[in-house]
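# Coordinate analysis (summary)
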Amino acid sequence: GNSVTQMEGPVTLSEEAFLTINCTYTATGYPSLFWYVQYPGEGLQLLLKATKADDKGSNKGFEATYRKETTSFHLEKGSVQVSDSAVYFCALTNMDSNYQLIWGAGTKLIIKP
Amino acid sequence: DTGVSQDPRHKITKRGQNVTFRCDPISEHNRLYWYRQTLGQGPEFLTYFQNEAQLEKSRLLSDRFSAERPKGSFSTLEIQRTEQGDSAMYLCASSLTSGRGSREQFFGPGTRLTVL
């Protein structure tokens, strides 16, 4: 079946540090991959996406590359800010899931000034 | 178009009362999803519609929960005889799905339910 595994949090970093949040998946076929972000007290926002192998999604300084060979979609940012503190969810959809989102457990990111 | 909207944003009710939430999706989106999220957890799928048809409902969903999307536009989620365990954030999302696949889901701000 389909599943998404994320690194456990919380992840605590200092401002301007390099960020990596690992995400790996199990899926049939060719899933689309997503990162959603949830800021404190707010709803879920799509951060970035990639729909085929080797695609790189990017937004707000965040990047993630769809790696089919390693079934991964790791989220990276070169220099984090306090305002990046949030919970980050990795997710996928594919035809087998009838395009429903299959979610990772979420990774809480805390950035200290 | 301002995206997915939900109403109310907050609801406090007493145990045993019925509550109804509304979701207005992005206008051209044919799919509408309901999720529930408790503190510190990811979203839990409840049900979804394609146009006015309810295509799937979570097996974990109590019979006290019912959802409708009568004209394929807005949707309502009703919880009957609320219990304290129903306290959560209820999220609505919409997407455009065609024979070529599905685009990403866009989420509303959620309705936070507190059952006393």
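This text goes with the structure placed above it.
Residues numbered from 1 in each chain as written. Chains lettered and ligands numbered in written order. Predicted model: local features only at pLDDT ≥ 70, side-chain atom pairs only at ≥ 80, totals over all residues. Heavy atoms only, no water.

In this structure the tally under the stated criterion is 15 aromatic pairs over all chains. Relative to Tyr-90 of chain B, the ring of Phe-65 of chain B lies with its centre 6.4 Å away and its plane at 35°, an arrangement referred to as tilted. Placement of Phe-65 of chain B in strand E7 (residues 65-68) and of Tyr-90 of chain B in strand E9 (residues 88-95) is noted, with a sequence separation of 25 residues between them. Each member of the pair, Phe-65 of chain B as well as Tyr-90 of chain B, is classed as buried. Taken together, the ring pairs in this structure connect Phe-34, Tyr-36, Phe-89 and Trp-103 of chain A together with Tyr-33, Tyr-35, Phe-45, Tyr-48 and Phe-107 of chain B into an aromatic cluster. One Lys or Arg, Arg-22 of chain B, reaches over the ring of Phe-74 of chain B and ends 3.9 Å from the middle of that ring. (Phe/Tyr/Trp six-rings, centres within 6.5 Å; stacked < 30°, edge-to-face > 60°. Helix = DSSP H or I, 4+ residues; strand = E, 2+ residues; numbered from the N terminus. Buried < 20%, exposed > 50% of the residue type's maximum accessible area, 1.4 Å probe, protein only. Lys NZ or Arg CZ within 6 Å of the ring centre and 35° of its normal.)

What follows is about the state of the cysteines. Enumeration according to the criterion identifies two disulfides over all chains in this entry. Shown here is the disulfide that connects Cys-23 of chain A with Cys-90 of chain A, its sulfur atoms set 2.0 Å apart. Since a negative S-S torsion denotes a left-handed disulfide, the Cys-23 of chain A-Cys-90 of chain A link at about -70° is left-handed. You can see Cys-23 of chain A sitting in strand E4 (residues 23-26) and its partner Cys-90 of chain A sitting in strand E10 (residues 86-93), a full 67 residues away along the chain. The exposure class of Cys-90 of chain A is buried, given its relative accessible area of 1%. Through a disulfide, Cys-23 of chain B is tied to Cys-92 of chain B; the S-S separation comes to 1.8 Å. Every disulfide takes its handedness from the sign of the S-S torsion; for Cys-23 of chain B and Cys-92 of chain B that torsion is -70°, giving left-handed. (Disulfide = S-S within 2.5 Å.)

This paragraph deals with the layout of surface pockets. By volume, the largest pocket is sized at about 440 Å³. Taken together, 22 residues make up the lining of the largest pocket; nearest its centre are Gln-38 and Val-87 of chain A together with Gln-37, Leu-39 and Gly-40 of chain B. Mapped onto the lining of the largest pocket, the elements with two or more residues apiece are E10 and strand E12 (107-112) of chain A. Ranked by residue count, the leading element in the lining of the largest pocket is E12 of chain A, at four residues. (1 Å grid on protein atoms, 1.4 Å probe; cavity = no way out; pocket = protein on both sides within 12 Å on 5 of 7 lines; lining within 4 Å. Points joined across faces, edges and corners; volume = space filled by probe spheres on them.)

With that settled, the discussion passes to the pattern of salt bridges. Two side chains carrying opposite charge are able to pair once their charged atoms lie near each other. If you walk through the whole model with that rule in mind, you get eight salt bridges over all chains. The closest approach of N and O atoms between Lys-56 of chain A and Glu-63 of chain A, which form a salt bridge, is 3.6 Å. We note a salt bridge from Arg-22 of chain B to Asp-24 of chain B, for which the minimum N-O separation is 2.7 Å. Assessed through its relative accessible area of 25%, Asp-24 of chain B is described here as partly exposed. When salt bridges that share partners are traced, they join Arg-64, Glu-83 and Asp-86 of chain B into one network. (Salt bridge = Lys/Arg side-chain N within 4 Å of Asp/Glu carboxyl O.)

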